[in-house]
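An overview of the molecular structure
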Amino acid sequence: MTSRSPLSNDARPPRPRHVLLLGGTTEAAALEPLLDGHPRLQTTVSLAGRTRKPGPSRLPRRTGGFGGAEGLASWLHEHAVDALVDATHPFARQISANAVAAARQTGIPLARLTRPSWEAGADDRWIRVSDLAAAGRTLPALGRRVLLTTGRQHLEAFEAAPELDYVIRTIDPPEPPPALPRVTWIHARGPFTAEDEARLLREHAIDVLVTKDSGGDATAAKLQAARERGIPVVMVERPPDAPGVPRFHAPQAVLDWLEALPDTHG
């Protein structure tokens, strides 16, 4: 009788499942330690490259776009990806749409990791709008001194109200900046405390706050400060998630989903 070689095909352990994590958010950073060193999962993190100094990571990274849904589908195929996790910002509409299209094209399982939406309390004065253009049209009736915390993209929407005084807080400077005659720039990265935000509103005599419904705790203190000061908040509603894509708010739930996926290779 001949003994079976330890290197025979049926004796080899299955290769780790390759996961592509579309990251760049607090939620993605919280998921990464659960994936790092996992015996059954091999993860690549993809960053859009918009933030100049992303936080450190122990996982392999790639930076930049894929070339649309077709490019993402090709990347998934070429790199033998077995599962896709979209943990991008709730307002990263294009990459999320591309992820859905690429997953459908390739048949690769897709899950969404996102923070819950904010909920207004009884003392909040929120005006919900569909997009930044609607926010810009709403402002003149609410006040003159505006704090914008909507990120550095598409600030040109507020050129519709150039007569207002703006305080604009972003992590990195916008390129190009909006054509607004009266702007005070603040470049800072959260989290911010309620005391920080109250001081900002007070020192700049802010009449109205504009923000996106990003959810999460890192930037929620500004809502508390606005509530306590009694100023209105123009809240840009987030785009809906694609139907049929499992959505999770906790990184551990995403890990459980990944571990429960059926093996598609030997």
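Provided above is the structure to which this section pertains.
Residues numbered from 1 in each chain as written. Predicted model: local features only at pLDDT ≥ 70, side-chain atom pairs only at ≥ 80, totals over all residues. Heavy atoms only, no water.

Considering the sheet that holds strand β9 (residues 183–187)
Two pairing modes exist for strands in a sheet, parallel and antiparallel, and in both the strands are linked by backbone hydrogen bonds. Reading across from one edge, β6-β11-β10-β7-β8-β9 is the order of the six strands in this open sheet, with parallel pairing throughout. At either margin of the open sheet sits one strand with a lone partner, and together these are β6 (126–129) and β9. Neighbour-to-neighbour, the strand axes of the sheet open up by a mean angle of 20°, direction not taken into account. Both β6 and strand β11 (residues 233–236) contribute to a ladder of four bridges, which runs parallel. When the sheet's bridge partners are listed, arginine 128 is paired in β11 with methionine 235. Docked against the sheet, helix α6 (residues 221–229) engages β6, β7 (145–149), β8 (165–170), β10 (208–212) and β11, running at close to 155° with respect to β10. (Pairing = 2+ DSSP bridges. Helix = DSSP H or I, 4+ residues; strand = E, 2+ residues; numbered from the N terminus. Axes fitted to C-alpha atoms, helices over the stretch in contact; angles between N-to-C directions. Contact = heavy atoms within 4.5 Å.)

What to know about the packing of aromatic side chains
Per the counting criterion, the structure on display carries two aromatic pairs. Seen from their ring centres, phenylalanine 66 and tryptophan 75 are 5.8 Å apart, and the 75° between their planes marks the pair as edge-to-face. What makes tryptophan 75 buried here is its relative accessible area of 14%. Of note, arginine 62 hangs over the ring of phenylalanine 66, and the distance from its end group to the ring centre comes to 3.8 Å. Sitting over the ring of phenylalanine 192, arginine 169 keeps its end group 3.9 Å from the ring centre. (Phe/Tyr/Trp six-rings, centres within 6.5 Å; stacked < 30°, edge-to-face > 60°. Buried < 20%, exposed > 50% of the residue type's maximum accessible area, 1.4 Å probe, protein only. Lys NZ or Arg CZ within 6 Å of the ring centre and 35° of its normal.)

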